[in-house]
Amino acid sequence: MADGRSGSKRSSADIDNSTQDSKRVKMAKGGDAKDSDRLNPYLAHHYEDDNNGQKNGFGGPLDKLQRHTTTAAQAAAAEDSDLNPWTGQPHSQRYFDILKTRRNLPVSKQRQEFLNMYHEKQILVFVGETGSGKTTQIPQYVLYDELPHLTGKLIACTQPRRVAAMSVAQRVANELDVELGEEVGYSIRFENKTGPKTLLKYMTDGQLLRESMHDHDMSRYGCIILDEAHERTLATDILMALLKQIAGRRKDLKIIVMSATLDAQKFQSYFYDAPLLAVPGRTHPVEIFYTPEPERDYVEAAVRTVLQIHATEPEGDILLFLTGEEEIEDACRRINLEVDDMIRESDAGPMKVYPLYGTLPPAQQQRIFDKAPEPIRPGGRPGRKCIVATNIAETSLTIDGIVYVVDPGFSKQKIYNPRSRVESLLVSPISKASAQQRAGRAGRTRPGKCFRLYTEKAFKKELIEQTYPEILRSNLSNTVLELKKLGVEDLVHFDLMDPPAPETMMRALEELNYLACLDDDGELTKLGSLASEFPLDPALAVMLISSPEFYCSNEILSITSLLSVPQIWVRPNSARKRADEMKQMFAHPDGDHLTLLNAYHAFKAAEQSGQDTKKWCHEHFLSFRHLTSADNVRAQLRRIMETNEIELMSTPFQDKDYYTNIRRALLAGFFMQVAMRESSNSKIYKTVKDDQLVMIHPSTVVSSPYDWVVYNEFVLTTKQYVRTVTNIRPEWLLEIAPVYYDLDTFEKGEIKSALTRITEKIRRRQAMKGGR
DNA sequence: GAGCACTGC
């Protein structure tokens, strides 16, 4: 890269030189009157005059800047300079073009105000609506003040989503006229696009959290900016609590919490009354309409509203929010049918309807960006497009050109019931904040309209202000393990913005204790510490770590990876039967885990024989995307295993115990997820200890019903199901998880009696052996 | 004999 910029006077080595030079200056002028200043390494660059006039490595526009005193005018002057302060290269024309638009952003007017606060305070809260430019500009304002090339301490800006981290980093690299991955980079799982010169790093919040497990003080960073904090992801919530702690230990660390307006006060008071800077957004007004009466069938009402907009409103695209795939496909069908009638009967314009949800293949997701259709005949009524989307269109994807939003007021939300230990998805009313966000989608390019399919009274009285943060709606086993690894000793007093229910914490501690990740005093064990190294749920991590004991760590590694990606089985509505038949080809009689493994092995065999794997997957009704991603996960997990000297091995395939070993190894992590059949010729199972009545999910390949199964997940839909199940033998439970299967801890019932009978059988057998 | 809001490590 350095070669590509021949003539550059600066390279990564220069950074080191300049700090060394500073030290030299410090020593040479040790007795000076301004001694205290000179001993401050942050100010050392002021005294580099002795250093052949070379400052910052290339004597440039940053000369006049002094760390933590930069004014907006000084920074602007440096930005206006012919030479790029960060590379020493001349600025390109494009740079100056972009600079002009940047200066027009609402946030630009408040640069000095921002800097004043930044200089004065360690923590600040920054509030800006969409279009304010905060995500791209604030980190650059910090850059010109923090001057990270002098301290070696990076500026980090976190995002809840990978795409955002990548695309914003690219944008800011363009704005600064640098190569992405050099001075500006990003870091997400599977991809670290940063280098020795990187000063500003965009990253996912989860990635920063993972980094901090090995750097409890986040010592690599001089300033950490948490963006989109109002989304309250699990990672953001934990980072906020950690940063609050670290701020006390590291006075040199600056923290900026950025959020959309609504919850600003809550953030301020959480961070010791941090000062607030608010910047207006740049959006167009959106007129809101409510229904006079509550709607009974919101899908029906939504379809009707879309058609009415199409019939009566001027040109402009429509965005309709529904809750899931099935609903969306159904609504699309109905709208399409009706529009055809409208065109025939009343000469309406054409309308293209696009579904949009997360599990849709990316190519199909892209189609939402197609232009609205042309009028049917020249001079005819204009066409428009209608996108029927899940919540994905609320935050992750923005579509320009939307003028009308139809909001029935529902979304699917994860809820966690600690009593039954079940996470499930439930169609629930959205929050006011969500409703506002949805309405905002209509005003991105010009004034718009939002049709809410509920009454104004319902909006005011029934909707909660904010969606509950994820931390209150999740199983926290993974989080608790992470916190322990992060060095949080006292979980009860860990200062989270919204502390979860004590019962949820207890459940997590209990589960981690059974998994031997925490000892009876709640201290992290060696196994727990190792498990936290893996980006996996604790049960999966423990299964993986234990797998060498069962001589099948290669296979368990594959299964773990397959269980950490979305379902690899493709089942299009148009070809369900063929898809099911194809799946049967991979079926293993002992269950779904082994069937997954078979499919993966077949995929790898196809790859090794040089076949077109994409085509192969298509023919076999397997998801190329998800299998490839499982392969990626596998490589990452494998590296972590190697680093931690966890042996990779297989039982020879010819060995009769090849599959038995794998089935036993599953139990090392999933011994708590076992169910026993209620009675012979029953289809109902009862889960161990929780005594939940469940059925095996119809997607299973298991045809002959086994008496005992281990399951990967519990799903609550129309019925209670266990999904991805494999046949096991109950005596393995007593052997592999003796603490959990201590029969004294079981309540009276069929499971306890069954296990007692087995214990006695084993005892008799051992007695006979002993007697011989 | 049924489903898969959305992210992230």
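As the structure is a computational prediction, the values presented were derived from the model and not from experiment.

What counts and what doesn't
Here the residue numbering is sequential within each chain, running from 1 through the sequence in written order. Lettering for chains starts from A, numbering for ligands starts from 1, and both go in the order in which the items are written. Only residues with pLDDT of at least 70 get local features here, since the model is predicted, and only at 80 or more are side-chain atom pairs given and counted; chain-wide, interface and lining totals rely on the full set of residues. Processing note: side-chain calculations cover all non-hydrogen atoms of the structure and skip hydrogens and water entirely. Here a strand is any run of E in DSSP of at least two residues, a helix any run of H or I of at least four, and the numbering for each starts at the N terminus. We compute the radius of gyration over the C-alpha atoms and compare it with the globule rule, which gives 2.2 Å times the number of residues raised to the power 0.38. Three exposure classes are used, based on accessible area relative to the maximum for each residue type with a 1.4 Å probe and protein chains only: buried under 20%, partly exposed in between, and exposed over 50%. Residue exposure ignores everything except the shown protein chains as possible cover, and the areas themselves are Shrake-Rupley values with a 1.4 Å probe. Positive charge is attributed to Lys and Arg, negative charge to Asp and Glu, and no charge count is given to His or to the chain ends. Just so you know, the charge point we use is NZ for Lys, CZ for Arg, CG for Asp and CD for Glu. Residues with no salt bridge and a relative accessible area higher than 30% make up the patches, which join like charges within 9 Å and nonpolar side chains (Val, Leu, Ile, Met, Phe, Trp, Tyr) within 5 Å. What makes a salt bridge here is a side-chain nitrogen of Lys or Arg within 4 Å of a carboxyl oxygen of Asp or Glu, nothing more. UniProt positions are given in the numbering used here, feature names are shortened, and annotations may be inferred rather than shown by experiment. Only heavy atoms enter the contact rule, under which two residues are in contact if any of them lie within 4.5 Å. Following DSSP output, two strands are said to pair if at least two bridges run between them. To get an axis, a line is fitted to the C-alpha atoms, and for a helix only the part in contact is used. The angle between two axes follows their N-to-C directions and goes from 0 to 180 degrees. The rule for a residue being near a molecule or strand is that one of its heavy atoms must lie within 4 Å of it. Polar contact criterion, stated in full: a pair of N or O atoms within 3.5 Å, where within protein one must be able to donate a hydrogen and the other to accept it, and residues adjacent in sequence count only if both atoms are side-chain atoms. Expected helix span is computed as 1.5 Å times (number of residues minus one). Known as pLDDT, the predictor's per-residue confidence is scaled from 0 to 100. Joining through side-chain atoms within 4.5 Å is the link that ties buried Ala, Val, Leu, Ile, Met, Phe, Trp, Tyr and Cys residues into a set, and such a set is a nonpolar core.

1. Structural notes on the overall build of chain A
- Summing up its helical and strand segments, chain A has 28 helices and 21 strands in all.
- The C-alpha atoms of chain A give a radius of gyration of 30 Å, which matches the 28 Å a tight globule of 772 residues would have.
- When the 772 residues of chain A are sorted by exposure, 53% land in the buried category.
- Carbon together with sulfur atoms contributes 50% to the accessible area of chain A, which is approximately 35,900 Å² in total.
- Side chains of chain A carry 100 positive and 106 negative charges; the gap between the two charge centres is 2 Å.

2. A word on a negative patch on the surface
- Taken together, Glu 489, Asp 490, Asp 520, Asp 521 and Glu 523 make up a surface patch of like negative charges.
- Its relative accessible area of 37% is what places Asp 490 among the partly exposed residues.

3. Points about a positive patch on the surface
- A cluster of basic residues, Lys 761, Arg 764, Arg 765 and Lys 769, forms a positive patch at the surface.
- Relative to the helices and strands, Lys 769 resides in helix H28 (residues 750-771).
- Among the residues examined, Lys 769 registers a relative accessible area of 55% and is labelled exposed.

4. Notes on unusual backbone geometry
- Non-glycine residue Glu 228 carries a positive phi angle of around 55 degrees.
- Its location among the elements puts Glu 228 in the loop between strand S6 (221-226) and helix H10 (234-249).
- Under the relative-accessibility criterion, Glu 228 is labelled buried at 17%.
- Look at Glu 645: it is not a glycine, yet its phi comes out positive at around 55 degrees.
- By secondary structure assignment, the location of Glu 645 is in the loop between helix H25 (624-643) and helix H26 (658-670).
- Among the residues examined, Glu 645 registers a relative accessible area of 75% and is labelled exposed.

5. Some words on the UniProt feature "domain: Helicase C-terminal" (unreviewed entry) in chain A
- Those places that UniProt annotates as "domain: Helicase C-terminal" (unreviewed entry) correspond, in this numbering, to residues 305-487.
- From the first C-alpha to the last, residues 305-487 spans 53 Å; its make-up is 32% helix and 24% strand.

6. Quick notes on the environment of Arg 634
- Among the secondary structure elements, Arg 634 is positioned in helix H25.
- Measuring from C-alpha to C-alpha, the distance between Arg 634 and Ser 558 comes to 6.4 Å, with 76 residues separating the pair along the chain.
- Dropping the residues within four chain positions of it, Arg 634 is found in contact with Asn 554, Leu 557, Ser 558, Ser 561 and Tyr 600.

7. Thoughts on the sheet that holds strand S7 (residues 254-259)
- Pairing is mixed across the open sheet formed by eight strands, whose spatial order is S4-S3-S5-S2-S6-S7-S1-S8. Each edge of the sheet is formed by a strand with only one pairing partner; in this case those strands are strand S4 (191-193) and strand S8 (276-279). Adjacent strand axes in the sheet meet at a mean angle of 20 degrees, parallel and antiparallel pairs treated alike.
- Bridge analysis of strand S2 (residues 154-159) against strand S5 (residues 200-204) gives five bridges, and the strand direction is parallel. Residue pairing across strands places Gln 159 opposite Thr 204, the latter belonging to S5.

8. As for the protein's contact with DNA strand B
- Residues in close proximity to DNA strand B total 32 residues, the closest being Arg 162, Gly 358, Lys 412, Arg 571 and Thr 717.
- Put simply, 61% of the atoms of DNA strand B that lie within 4 Å of the protein are in sugar or phosphate.
- At a separation of 2.7 Å, a phosphate oxygen of DNA strand B approaches a polar side-chain atom of Thr 204.
- At a separation of 3.3 Å, a phosphate oxygen of DNA strand B approaches a polar side-chain atom of Lys 683.
- Secondary structure elements with two or more residues in the surface near DNA strand B: helix H9 (205-212), strand S14 (410-417), helix H22 (576-586) and strand S21 (720-727).
- Top contributing element to the surface near DNA strand B by residue count: H9, with three residues.

9. Comments concerning helix H8 (residues 162-175)
- Under the 1.5 Å per step criterion, the end-to-end length of H8 is 20 Å for 14 residues, consistent within 8% with the ideal 20 Å.
- Within the span of H8, buried status applies to Ala 165, Val 168, Ala 169, Val 172, Ala 173, Asn 174 and Glu 175.
- Buried-residue contacts for H8 involve helix H4 (93-103), helix H6 (134-146), S2, strand S3 (184-188) and S5.
- Downstream of H8 by a residue or two, Asp 177 has a phi angle that is positive, lying close to 60 degrees.

10. Regarding the confidence of the model for chain A
- Across chain A, the average pLDDT comes to 87, with 92% of residues at 70 or higher.
- Taken as a whole, residues 1-57 scores under 50 in pLDDT and shows 67 contacts with residues more than four places along the chain or in a different chain.

11. Some thoughts on a nonpolar patch on the surface
- A contiguous nonpolar surface patch, about 260 Å² in accessible area, is contributed by Ile 464, Tyr 468 and Leu 472.
- In this structure, Ile 464 sits in the loop between helix H16 (456-461) and helix H17 (477-485).

12. Digging into the nonpolar core
- Counting 115 residues, the largest nonpolar core has Phe 534, Trp 708 and Tyr 741 as its most contacted members.
- When residues in this core are grouped by element, the largest group, 10 residues, is from H10.
- Those residues in contact with Phe 534, other than ones at most four positions away along the chain, are Arg 210, Ala 541, Leu 544, Ile 545, Leu 637, Ile 640, Met 641 and Ile 646.
- Judged by nonpolar contacts, the second largest core, of 43 residues, contains Trp 86, Leu 124, Ala 169 and Tyr 202.

13. Quick look at the pattern of salt bridges
- Under the criterion given, the structure shown has 49 salt bridges.
- With its nearest N and O atoms 2.8 Å apart, the salt bridge here joins Glu 175 to Arg 171. Taken as a pair, Glu 175 and Arg 171 lie in helix H8 at a separation of four residues, close to a single helical turn.
- When its relative accessible area of 35% is taken as the criterion, Arg 171 is described as partly exposed.
- Its salt-bridge partner being Arg 677, residue Asp 707 comes within 3.0 Å of it at the nearest N-O pair.

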